[in-house]
Amino acid sequence: MRDTVGDAQLMRLTAEGDAAAFRQLVARHLPRAHAVAYRVLLNREDAEDAVQAAFTKVWANAGRYEPDRSAFSTWLYTIVTRACLDRARRFRPKTQSIDDWAEALSDGDPDAETQLSQRQAAGAVRAAVAQLPLNQRMAVALCYFEGFSNAEAAQSLNMSVKAVESLLVRARRQLKTVLGVKDD
């Protein structure tokens, strides 16, 4: 199957039972879905379990996807965020220290942090984000780490845009407090 086939077409084929189309969707979206889940759940194993559950739901519910209502990525991240919420509610996080949380939020790219001051600042931000409540952390992960618009994040989180904006305002306020940033 060619890479030029769009997600909506792959979903139509998946709904018809085409496993190759589903594998292509998974290959295309797995890294980003895992990054979102990892930043939300703060643990690699929990993130893998949540993403596996999400893609299992995508396969099982492929016929329910409506391309006219939303982009596939928005639909997928709705499922991923719900899987993260389910996982967080059922299991206590395995990460125990702020150092573990900072590692969990790292993008793993050693070239991104070349200077000591940048590494320290990034570590402080990751640790501060890890202290946010789960719903704020999900909004931050989608909007700031993954580049979702507030509207896309709202759709994925099954809430209004105003609710997402409120979560982000509260998250920024808490991050400023934790990081000692003063308003000008």
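Residues numbered from 1 in each chain as written. Predicted model: local features only at pLDDT ≥ 70, side-chain atom pairs only at ≥ 80, totals over all residues. Heavy atoms only, no water.

(A) Layout of the packing of helix α2 (residues 19–41) against helix α7 (residues 134–145). Viewed as axis vectors pointing N to C, α2 and α7 meet at an angle of 145°, and their least axial separation amounts to 9 Å. Crossing handedness for the pair α2 and α7: right-handed. Across the interface between the two elements, Val36, Arg39 and Val40 of α2 pack against Leu134, Arg137, Met138, Ala141, Leu142 and Phe145 of α7. Here the contact of α2 with α7 is built from residues that sort into 7 nonpolar, no polar and 2 charged. (Axes fitted to C-alpha atoms, helices over the stretch in contact; angles between N-to-C directions. Helix = DSSP H or I, 4+ residues; strand = E, 2+ residues; numbered from the N terminus. Left-handed = near helix turned anticlockwise from the far one by under 90°. Contact = heavy atoms within 4.5 Å. Nonpolar A, V, L, I, M, F, W, Y, C, P; charged D, E, K, R; others polar.)

(B) Broad picture of the nonpolar core. Core analysis: the largest hydrophobic core is formed by 48 residues, its most contacted members being Met11, Val58, Phe72 and Val80. Every element with two or more residues in this core is listed here: α1 (7–15), α2, α3 (44–60), α4 (72–90), α6 (116–130), α7, α8 (150–157) and α9 (161–179). Examining the composition of this core, we find that 10 residues originate from one element, α2, more than from any other. For methionine 11, the contacting residues outside a window of four places in its chain are Leu25, Val58, Ala62, Tyr65, Phe72 and Trp75. (Core = buried A, V, L, I, M, F, W, Y, C linked by side-chain atoms within 4.5 Å. Buried < 20%, exposed > 50% of the residue type's maximum accessible area, 1.4 Å probe, protein only.)

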